[in-house]
Amino acid sequence: MSNPVLEARNIVRDYPASGNMFSRGEPVRALKGISFTLDRGRTLAIVGESGCGKSTLARILTMIDRQTEGELYIDGQPIDIAKAPATKAQRRMVQMVFQNPYGSLNPRQKIGDVLGEPLKINTRLSAAERRDRAYAMLEKVGMDPRHYNRYPHMFSGGQRQRIAVARALMLNPELLVLDEPVSALDLSVQAQILNLLADLQDEFNLTYVFISHDLSVVRYIADEVMVMYFGEAVEYGAREEVFADPKHSYTRTLFAATPRADVESIRTRLAARETATV
Amino acid sequence: MPLLEIENLSVSFDTAAGPFIALDKVSYRCDSGEVLAIVGESGSGKSVAMLALMGLLPSSATVTADRMEFEGRDLLRMPDAERRRIIGKDITMIFQEPIDSLNPCFTIGFQIEEVLRTHLGLKPADSRKRAIELLASVGIKDGAKRLSSFPHQLSGGQCQRAMIAMATACRPKLLIADEPTTALDVTIQKQILDLLTALQQDYGMGLILITHDMGVVAETADRVVVQYQGHKMEEADILSLFEKPKSAYTRALLSALPENATGDRLPTIAGVDFLSEGAKA
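Residues numbered from 1 in each chain as written. Chains lettered and ligands numbered in written order. Predicted model: local features only at pLDDT ≥ 70, side-chain atom pairs only at ≥ 80, totals over all residues.

**Looking at the overall build of chain B**
Across its full length, chain B holds 12 helices and 11 strands. Its C-alpha atoms give chain B a radius of gyration of 20 Å, near enough to 19 Å, the size a compact globule of 281 residues would have. Considering only C-alpha atoms, chain B reaches an extent of 60 × 45 × 40 Å along its principal axes. The 281 residues of chain B split such that 46% are buried. (Helix = DSSP H or I, 4+ residues; strand = E, 2+ residues; numbered from the N terminus. Rg over C-alpha atoms; globule rule 2.2 N^0.38 Å. Buried ≥ 20, exposed ≤ 12 C-beta atoms within 10 Å, placed from the backbone.)

Structural data, given as structure tokens:
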């Protein structure tokens, strides 16, 4: 496809560091030139450890933070919020889902209002229409319309993450940036949310940027994978390539450190210990 | 004689809506030199069981057991003072959030030395020397310098190492690790798990590892207890658990792992009542 939903060229982000009394500190370079393109309906997974800059990148992609250098194109339009604020139309194209569904929903807001608020701010829909859309979206994400008048604390973690996904989809975005969306969830709930995301992607032809540190989840959901390390993209390519033939030593370290839950590796471990004790 | 033997441990909490049973008659056994993993999702009672053993539950909790023995000594009926000599010395515990489980107001050195002085009665000079050795044993090299660091000056992985140094200060016979690596990056997780198993082998300790991560279980455990909503669903050695899981719940958990995905959707276990299924099986 010739028209990528998201394109980043050499994105750099510096944060000013506090110096001492006599000098300004050297700025911290959180992103050292990140480039990628992402086509409609695809999923890019960004993997890395804490402090590698993956959340900084997410903040730039969602137009929360500005880049210091580099160009960002969303749906073909150049965006640099340091120079010109993003338009409403641009903002509604990109939505975000956060890691912790306990922290990302306002505890004093009913679910119906959580879902209606984006419409209230961004559209001229009447209250009745907003309500109808919220009901429809609740159903889409596998919730009950009866949940409309309830508060976040009445839901489990998985249900709250469904609500957070529903809120992100209210404005029919093109691109969803998901920052560790399943890492706070139990295994069985994680499976449900991953399925939901896959269903929604098929239905709305959504594009995902999926930030995660869990390689088994990445391997399952991603089309393309980018591995970040100290603000650099040390590995970027199609999922099969990256997993079959990691180029960078950090990627190999990461793969080796990931625990494997299969019978073969258990056998290997037990055998290794046998020989060690003999 | 097993190191730890708990029979029919139940824990219930008093709530406004009446007692809530967090753990329903679950038995555990752990031998010296063994790694026992307790696996389950949130609400399975895996942490509550070990907190009950440590006596760390709030007063709203009611703990009952037919037997709770450590090296053949009855923990339930012994005087509190005697129990306190075992807990924190022979049985120790580390927790999920290493930075939060250290006291932010005191240095790492003070907190490690406090253990040594309380349980072993070491003099300040000796406890300092021993604390440096302990930090070296958990892979912190510049121990003498690190002793005067506060928890916020260390990374999460370093704090967990300091916690492990504290927990192994008195050469415990049983170490309980409650999700010790959940808050850490994968590469750091690997280092901490390697450290825990190395110390466990060196000291011949029993290690009880509480986790929700099947990968961590597969990489470390000898024997596994699978829990679900306060009940034990299955107990098996590591290989049989992964090869031939007996309970429907374990099978469902393993099939929900993304790496075991076969189609383009993961099998989910929503709305299945594993408790009544287990009763039938």
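**A few points about the pairing of strand β1 (residues 4-15) of chain B**
Residues and elements named next belong to chain B. Pairing between β1 and strand β2 (residues 18-30): nine bridges, direction antiparallel. By the bridge assignment for β2, L4 is matched with C30. With antiparallel pairing between neighbouring strands as the criterion, β1 and β2 make up a hairpin whose turn holds two residues. Note: β1 against strand β5 (residues 67-70), four bridges, orientation antiparallel. (Pairing = 2+ DSSP bridges.)

**Comments concerning the packing of helix α4 (residues 108-120) of chain B against helix α5 (residues 124-137) of chain B**
Residues and elements named next belong to chain B. Contact pair α4 / α5: the axes reach a minimum separation of 9 Å and the direction vectors enclose 115°. Between α4 and α5, the interaxial angle falls into the category roughly perpendicular. Taken as a pair, α4 and α5 cross one another with a handedness that is right-handed. Residues G109, I112, E113, L116 and R117 of α4 form the contact with α5, whose participating residues are S127, R128, R130, A131 and L134. Residue classes in the contact of α4 with α5 are distributed as four nonpolar, two polar and four charged. (Axes fitted to C-alpha atoms, helices over the stretch in contact; angles between N-to-C directions. Parallel < 35°, antiparallel > 145°, perpendicular 65-115°, else oblique. Left-handed = near helix turned anticlockwise from the far one by under 90°. Contact = placed C-beta atoms within 7 Å. Nonpolar A, V, L, I, M, F, W, Y, C, P; charged D, E, K, R; others polar.)

**So, the confidence of the model for chain A**
Per-chain confidence: chain A averages 91 in pLDDT, with 99% of residues scoring 70 or above. Of all secondary-structure elements in chain A, the lowest mean pLDDT belongs to helix α10 (residues 263-277) of chain A, at 86, while strand β3 (residues 43-47) of chain A reaches the highest, 96. (pLDDT = per-residue confidence, 0-100.)

**Re the interface of chain B and chain A**
With 30 residues of chain B at the interface, the matching set in chain A holds 27 residues. For the side of chain B that touches chain A, the leading source of residues is helix α9 (residues 214-220) of chain B, giving five residues. Among the residues making up the side of chain B that touches chain A, the classes are represented as 15 nonpolar, six polar and nine charged.

**Thoughts on helix α5 (residues 157-169) of chain A**
Residues and elements named next belong to chain A. For α5, which comprises 13 residues, the first-to-last C-alpha distance of 19 Å matches the rise-based estimate of 18 Å (1.5 Å per residue) to within 8%. The buried fraction of α5 is high, at 12 of 13 residues. Residues of α5 that are buried: G158, Q159, R160, Q161, R162, I163, A164, V165, A166, R167, A168 and L169. Here the buried face of α5 lies against β6 (94-97), α3 (111-122), α4 (127-140), β7 (175-179) and α6 (187-204). (Expected span 1.5 Å × (residues − 1).)

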